[in-house]
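What follows is the residue order along each chain.
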Amino acid sequence: MPSMALDFLLFDPRLLPATDILSQYKKPHFASRFKQTLSVSLYCPFGKFISTVWQEEKMERIFYIFFEELCLQLNRDGLQTRHSRKNARDHLNSIISGICDGQNLAPEESARLAVETAIHFHRDEKAKNSQICLMGTFHNILYIALKASWDWSVTDSSVVCSLLGEIYSCERTFERLFLGAIFGTSAPYFIAGWKSDFRDQDENSRAMVYFLEHASRRRIEFPVHAGEQNNPRMTRFIDVPIESCGMASPLRVTLQAGAPDILLILLRYGANPNPTDGGSSAIIALLDKLLESKDRRYPYQLEACLKILMRAVPFIDLPFKPYTFDVRKEVFMTKYWTLIKDGLLTDDQIGGVSLLKHLARCAIRQRLRETGKLPSGIKTFGLPRHLRRYIDLMED
């Protein structure tokens, strides 16, 4: 039997009768961590062995001790692998379930307390190291909390956004959330050296939407240093650059990957169609990639990306500045004439006169983007369903 009272990686309460479980809580080194004795009244299967009358502060104390004991048992890289994080998360889920049963508490509320406690625990450990995060076990506690908030559908946006802010304060990127949705859950290992905690690309995509909704609701922004600029640029969660992809925005990385489904999600939730990440125009980069197609056999994914992207911009901002508009248009038409001839571009998209309906859609979306109300704000207009879908980029 392990000596630690809350050895959640090795101690399985199902192997002991209730009397032995009680004795574990009475060990001297464990008693010193609690100011008040925990009254354990029964043992339930599947790890749900805690049934007491706790106040919220005491429940947070349980989660705090779990994180503390977890880190004591592991070395600095103990939560580096996906498997180790899953094991720790399974034990955390058991505690959440046990508290729900013992307190007759909603699972979402218990999970919210767990996420809040993970944030406090990380901050405390970071403070012990002069506010420097070593990106080891203590930091990966945040990703256990990130997955738990998704698994248990935590609805408190302030808590979820605090978790995102805590992650960003150490990493300055959200690539561990976006890359799995863009490339799949295995690809990030070859890009950034880690594996996604989500089951597959579909779950990662749905989780990305979950965090986008919370970030949009709270309108949170993060300081991003662009190039050699000293003053950071405040950037919304959806546009924060991905460090392992050359500090490109998630939208630009999605275009490079040729992922139209993820592109539509990002644009619907307010991603800037003209990223200010220091790269060239996203549309021009996509057109150049289409030109590389052999024998004018354009990949379907790239064609779909261009079609979706053009829904979100009034027209193509012609390059080749500072020449006059006529010169720029002539150079553009010459370079991309095959795309125009093959119907991938239309005259009104190339410096022509766009449809009033399309211009109105872009103007409405720009306003909603600035106020952080995409796509939820579209429903408030009281428009017919087909117009709501049109403004939401679901239809041409």
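Numbering of residues starts from 1 in each chain and follows the order in which that chain's sequence is written. Where totals are concerned, whole chains, interfaces and linings use all residues; where local detail is concerned, this predicted model gives features only for residues with pLDDT of at least 70, and gives and counts side-chain atom pairs only at 80 or more. Remark: hydrogens and water are excluded; side-chain values derive from all non-hydrogen atoms of the structure.

Asks: Just to check I follow, could you spell out helix α14 (residues 300-311) for this structure?
Replies: An α-helical turn contains 3.6 residues, so a residue and the one three or four places further along point in the same direction. Given a rise of 1.5 Å per residue, twelve residues ought to cover 16 Å, and the 17 Å separating the end C-alpha atoms of α14 matches this to within 8%. What α14 keeps buried is the set L302, A304, C305, L306, I308, L309, M310 and R311. Tucked inside the fold, the buried residues of α14 contact α11 (250-257), α12 (260-268), α13 (282-291) and α17 (356-370). Put simply, DSSP H or I for four residues or longer makes a helix, DSSP E for two residues or longer makes a strand, and each gets a number counted from the N terminus. The span expected for a helix works out to 1.5 Å for each residue beyond the first. Classification of residues uses two cut-offs on accessible area relative to the type maximum, computed with a 1.4 Å probe and protein chains only: under 20% is buried, over 50% is exposed, and between them is partly exposed. Throughout, a residue-residue contact means that at least one pair of heavy atoms, one from each residue, lies within 4.5 Å.

Asks: Sorry if this is basic, but what is going on with the confidence of the model for the protein here?
Replies: A low pLDDT means the predicted coordinates there should not be read in detail. What pLDDT conveys is the predictor's confidence in a given residue, as a value from 0 to 100. In the predicted model, the protein carries a mean pLDDT of 84, and the fraction of residues at 70 or more is 85%. Least confident of the elements in the protein is helix α1 (residues 18-25), whose mean pLDDT is 36; most confident is α12, at 98. In this model, residues 1-54 is a region of pLDDT below 50 whose contacts with residues beyond four sequence positions or in other chains number 92 contacts.

Asks: Explain the packing of aromatic side chains to me, please; I cannot follow it from the model alone.
Replies: One pair of aromatic rings is described through two measures. These are the centre distance and the angle between the planes. In this scheme Phe, Tyr and Trp rings, the latter by its six-membered ring, pair at centre separations within 6.5 Å, and the angle between planes marks the pair as stacked below 30 degrees, edge-to-face above 60, and tilted otherwise. Summed over all chains, the structure comprises twelve aromatic pairs. Taken together, a centroid distance of 4.8 Å and an interplanar angle of 80° make the contact between Y210 and F211 edge-to-face. Residue class for F211 comes out buried when judged on its relative accessible area of 0%. On the basis of an interplanar angle of 45° and a centroid distance of 4.6 Å, the ring pair of F332 and Y336 is categorised as tilted. The same class applies to F332 as to Y336, namely buried. Three or more aromatic residues joined by ring pairs make a cluster, and in this case those are Y64, F66, F67, F121 and F138. Two thresholds decide whether a charge sits over a ring: the Lys NZ or Arg CZ must be within 6 Å of the ring centre and within 35 degrees of the ring normal. Cation over ring: R176 sits above Y143, and NZ or CZ is 3.7 Å from the ring centre. Above the ring of Y390, the side-chain terminus of R361 is found at 3.8 Å from the ring centroid.

Asks: How should the pairing of strand β1 (residues 221-224) be read in this particular structure?
Replies: Look at any regular strand and the pattern is simple: side chains alternate between the two faces of the sheet. Burial along β1 is one-sided: F222 and V224 are buried, while E221 and P223, pointing the other way, are not. Between any two strands, pairing holds if DSSP finds at least two bridges. Of the pairings in the sheet, the one linking β1 to strand β2 (residues 233-236) comprises four bridges and is antiparallel in character. Counted as the bridge partner of V224 is R233 from β2.

Asks: Explain the nonpolar core to me, please; I cannot follow it from the model alone.
Replies: A general tendency of soluble globular proteins is for nonpolar side chains to be buried together. Definition of nonpolar core: a set of buried residues of the types Ala, Val, Leu, Ile, Met, Phe, Trp, Tyr and Cys, connected through side-chain atoms within 4.5 Å. One finds F237 and L287 to be the most contacted residues of the largest nonpolar core, which totals 97 residues. Ranked by the residues each element gives to this core, the list is headed by helix α6 (residues 137-151), at eight residues. Once residues within four sequence positions are removed from consideration, F237 is found in contact with L164, F174, L177, F178, F211, L212, A215, I220 and F222.

Asks: Even after reading the chapter, I still don't get empty space enclosed by the protein, so can you show me in this structure?
Replies: Once rolled over the atoms, a probe with the size of a water molecule shows which space is left empty. Using a 1 Å grid laid over the protein atoms alone, points where a 1.4 Å probe fits but cannot get out form a cavity; open sets with protein on both sides within 12 Å along at least 5 of 7 lines form a pocket; any residue with an atom within 4 Å of a point counts as lining. Grid points are joined across faces, edges and corners, and a volume is the space filled by probe spheres set on the points. In the structure shown here, the tally under the stated rule is two cavities of 30 Å³ or more. Roughly 70 Å³ of internal volume is contained in the largest cavity. What lines the largest cavity is simply Y143, L146, K147, R176, W194, K195, S196, D197 and F198. Among the elements that line the lining of the largest cavity, the one with the most residues is α6, at three residues. Classes in brief: Ala, Val, Leu, Ile, Met, Phe, Trp, Tyr, Cys and Pro nonpolar; Asp, Glu, Lys and Arg charged; the others, Gly included, polar. Tallied by class, the residues present in the lining of the largest cavity amount to four nonpolar, one polar and four charged.

Asks: Looking at this structure, I do not really get the pattern of salt bridges. What am I missing?
Replies: Only one rule defines a salt bridge in this text: a Lys or Arg side-chain nitrogen within 4 Å of an Asp or Glu carboxyl oxygen. Counted by the stated rule, this structure contains 23 salt bridges. Between D197 and R85 there is a salt bridge whose closest N-O contact spans 2.7 Å. In this pair, D197 sits in the loop between α9 (187-192) and α10 (201-218) while R85 sits in helix α4 (residues 82-103), placing the two residues 112 residues apart along the sequence. Among the residues examined, D197 registers a relative accessible area of 10% and is labelled buried. The class for R85 is buried, based on a relative accessible area of 1%. The partner of R252 in a salt bridge is D277, and the shortest N-O contact between them spans 2.9 Å. Within this pair, whereas R252 is found in helix α11, its partner D277 is found in the loop between α12 and α13, the two being separated by 25 residues in sequence. Taking relative accessible area as the criterion, D277 reaches 18% and is therefore assigned buried. Linked by salt bridges that have partners in common, R89, K147, D151, R199 and E203 make up one network.

Asks: Hey, could you run me through the side chain of T371 in this one?
Replies: Inspection of the secondary structure assignment puts T371 in the loop between α17 and α18 (385-391). From its side chain, T371 meets the backbone oxygen of R367 in a polar contact 3.1 Å long. Polar contact criterion, stated in full: a pair of N or O atoms within 3.5 Å, where within protein one must be able to donate a hydrogen and the other to accept it, and residues adjacent in sequence count only if both atoms are side-chain atoms.

Asks: How should the side chain of S196 be read in this particular structure?
Replies: Along the chain, S196 falls in the loop between α9 and α10. Within the structure, S196 has its side chain in polar contact with the side chain of N204 (distance 3.1 Å). When near neighbours in sequence (up to four residues on either side) are disregarded, S196 contacts R82, T185 and N204.

Asks: Looking at this structure, how should I read the layout of surface pockets?
Replies: When its volume is computed, the largest pocket comes out at roughly 490 Å³. Considering the residues around the largest pocket, the lining is formed by 26 residues, among which E221, R236, I238, D239 and G270 are closest to the centre. Listed by contribution, the elements that provide at least two residues to the lining of the largest pocket are α10, β2 and α17. Here the lining of the largest pocket gets four residues from one element, more than from any other, and that element is β2. Its residues assigned to classes, the lining of the largest pocket comprises ten nonpolar, eight polar and eight charged.

Asks: When you look at helix α8 (residues 175-183) in this model, what are you seeing that I'm missing?
Replies: Counting buried positions along α8 yields eight of nine residues, so the element is predominantly enclosed. Among the residues of α8, those classed as buried are E175, R176, L177, F178, L179, G180, A181 and I182. G184 sits one or two residues past α8 and shows a positive phi near 105°.

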